[in-house]
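# Secondary and tertiary structure notes
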Amino acid sequence: MSHKFCIAPMIDVTNRHCRFFFRKFSKHARLYTEMIVADSIIYGDKDFLLGFDEVEHPVALQIAGSDPLTLSKAALIGEQYGYDEINLNIGCPSKRVQAGNFGACLMAHPNLVAECIERIKEKIKIPVTIKCRIGIDDHNPDEMLTEFVETTKNAGVSTYIIHARKAMLDGLDPKQNREIPPLDYDIVRMIKRKWPELNIILNGGILSPYEGKKEISKSKGIELDGVMLGRAVQENPYSIVDVDKIFFNDDKKIPSRIEIVEEMISYLEICVKNNVPINIVTQNMFGLFHGCRGAKLWRSYLSHEAPRRRDDPKVLKEALNHIISFQNQAA
Ligand SMILES: Cc1cc2nc3c(=O)[nH]c(=O)nc-3n(C[C@H](O)[C@H](O)[C@H](O)COP(=O)(O)O)c2cc1C
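Per-chain numbering applies: the sequence of each chain, read as written, is numbered from 1 onward. Only residues with pLDDT of 70 or above have their local features reported here, since the model is predicted, and side-chain atom pairs are shown and tallied only from 80 upward, although totals for entire chains, interfaces and linings are computed over all residues. Values shown for side chains rest on all heavy atoms present in the structure; no hydrogens or waters enter the calculation.

## Overview of the overall build of the protein chain
As a reminder, the rule being used: Working definition: helices are DSSP H or I runs of at least four residues, strands are E runs of at least two. Numbering for both runs from the N terminus. Two things to know: the radius of gyration comes from C-alpha atoms, and the globule rule equals 2.2 Å times the number of residues to the power 0.38. By definition in these notes, contact holds between two residues if any of their heavy atoms fall within 4.5 Å. For the area figures, the Shrake-Rupley method with a 1.4 Å probe applies, and any residue is considered shielded solely by the protein chains shown. Note that His is not counted, nor are the chain ends; the positive residues are Lys and Arg, and the negative ones are Asp and Glu. The atoms used to mark charge sites are NZ of Lys, CZ of Arg, CG of Asp and CD of Glu.
From N to C terminus, the protein chain includes 15 helices and eight strands. Over its C-alpha trace the protein chain gives a radius of gyration of 20 Å, about what one expects of a compact globule, namely 20 Å for 331 residues. Summarising its shape, the C-alpha atoms of the protein chain cover approximately 60 × 45 × 40 Å along the three principal directions. Taking the contacts inside the protein chain whose residues are at least 6 apart along the sequence as the reference set, 73% of them involve residues at least 24 apart. Of the roughly 14700 Å² of accessible surface on the protein chain, 50% is carried by carbon and sulfur atoms. If you average the places of the 44 positive and of the 44 negative side-chain charges in the protein chain, the two averages end up 4 Å apart.

## Concerning the site of the ligand
Note the threshold: Here a residue is near a molecule or strand as soon as one of its heavy atoms is found within 4 Å of it. Between N or O atoms, a polar contact is any pair within 3.5 Å; within protein, one atom must be a potential hydrogen donor and the other a potential acceptor, and residues adjacent in sequence are included only when both atoms are from side chains. Throughout, the ten residues Ala, Val, Leu, Ile, Met, Phe, Trp, Tyr, Cys and Pro are labelled nonpolar, Asp, Glu, Lys and Arg are labelled charged, and all others, Gly among them, are labelled polar.
Taken together, 16 residues surround the ligand, and among them I11, Q62, N203, G205 and R231 come closest. One of the side-chain N or O atoms of N203 is found 2.6 Å from an oxygen atom in the ligand. For the ligand, the accessible surface in isolation is 600 Å², of which the surrounding protein chains cover 89%. Taken together, the residues that form the shell around the ligand break down as six nonpolar, seven polar and three charged.

## Focus on the domain arrangement of the protein chain
What counts here: Domain segmentation is taken from an automatic or database assignment of domains. Throughout, buried area stands for the accessible area (probe radius 1.4 Å) lost by two parts on being put together, summed over both. A carboxyl oxygen of Asp or Glu within 4 Å of a side-chain nitrogen of Lys or Arg is what we treat as a salt bridge.
Each assigned domain of the protein chain is listed with its residue range as follows: domain 1 (5-248) and domain 2 (257-330). Between domain 1 and domain 2, the C-alpha centre-to-centre distance is 30 Å. Counting each side, the surface lost to burial between domain 1 and domain 2 is near 1300 Å², with a carbon and sulfur contribution of 64%. Of all residues in domain 1, the largest losses of buried area upon contact with domain 2 belong to H17, F21 and Y238, amounting jointly to 44% of the total for that side. Linking domain 1 with domain 2 are one salt bridge, by the criterion used here. Of the charged contacts, one joins E263 and K24 as a salt bridge, the two residues approaching to 2.9 Å between their closest N and O atoms.

## What to know about the nonpolar core
As a rule of thumb, nonpolar side chains are buried together in soluble globular proteins. Definition in use: For our purposes a nonpolar core is just a set of buried Ala, Val, Leu, Ile, Met, Phe, Trp, Tyr and Cys residues, chained together by side-chain atoms within 4.5 Å. Per-residue accessibility, obtained with a 1.4 Å probe over protein chains only, is compared with the maximum for each type, and a residue is labelled buried under 20%, exposed over 50%, and partly exposed between these values.
The biggest cluster of nonpolar side chains holds 108 residues, and the ones touching the most others in it are F5, I130 and W298. The element best represented in this core is helix 12 (residues 257-273), accounting for seven residues. If you look at the next biggest cluster of nonpolar residues, it comprises seven residues, including C6, A8, A60 and I161.

## Some details on the packing of helix 7 (residues 141-153) against helix 8 (residues 185-194)
Which entries qualify depends on this criterion: Axes here refer to lines fitted to C-alpha atoms; in helices the fit is confined to the stretch in contact. Angles between the N-to-C directions go from 0 to 180 degrees. Every angle not falling under 35 degrees, over 145, or within 65 to 115 is termed oblique; those three ranges are roughly parallel, roughly antiparallel and roughly perpendicular. Crossings are classed by handedness, with left-handed meaning an anticlockwise turn of the near helix from the far one by less than a right angle and right-handed meaning a clockwise turn.
Running from N to C, helix 7 and helix 8 point in directions that differ by 40 degrees, and their axes come no closer than 11 Å. In terms of orientation, helix 7 and helix 8 fall into the oblique class. Between helix 7 and helix 8 lies a crossing of right-handed hand. In this structure, helix 7 uses P141, D142, L145, T146 and V149 to contact helix 8, whose residues at the interface are I187, M190, I191 and K194.

Here is the structure:
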């Protein structure tokens, strides 16, 4: 199970279509679903929430909750759907999540999290991992993170993805909680130094695979086990096109943006046959030409046309033709 390069779980972003698109850039990156509440998995439309394409492997299901039995049932359903990993969300700071007593507020309840992990592990064979923060509110992160990891690792967790900033549960909304509390990568390194046998994955504020590789490489005598990127991939997905080379020594041919669009046109045709509106897919592709001439034209064509012509896969080809002719004129 390699976590060398992971793409972060992002609500309203990393649905199955987005993950299918991200897979075009890397065969090996580990993908994560959006956070799904355990009760929704048990009582909701399972195929809609959990269905995915085989090409998405390795892919992890991120679940949220705080009731050990409910979480273990949801995890079992995830395993039966074929996910490679169950990841428990201990990082979400939203008010709605706090009201349900899950997400980041559980950092203050490591014994309960340990019980959840034990119950989940009794039910499933695939790995169970945790994504957490370095702490919450005015707690000292050194102490809080150390106690949290110490307690939960004894319940059988060996992989932690650590978003290297605190969550401020009162006063900051989720977006601010991804920007305002300062990043502290050294606390993450401290955990690895203390427990070298654990897989420690660094997350938060990393702008490119190269930067990620640098951050996890030996620094202050500590090498981390992997890196997770979220917003940078969403904003500029092509920036991860050489991840397989940088992180996995895989020298495969790197696809061009145009080749990727052409493959996505075939995917859109399948989506339309399955009654999936094309804009659900194309909204993940806005950033494909980030930094290129005509990027704005590409984005605005897709954002205007796809919602109007939701069952017409030709929109993507037209957007491509527009940007190609714009680039040719400008050349
Ligand atoms: C739109 C959006 C939705 C997110 N949804 C989730 C989520 O469902 N589960 C989760 O653990 N983190 C979620 N996050 C946090 C990211 O996984 C990640 O920890 C955070 O963005 C920091 O990484 P980055 O600086 O590389 O983006 C979300 C972030 C964004 C931007």
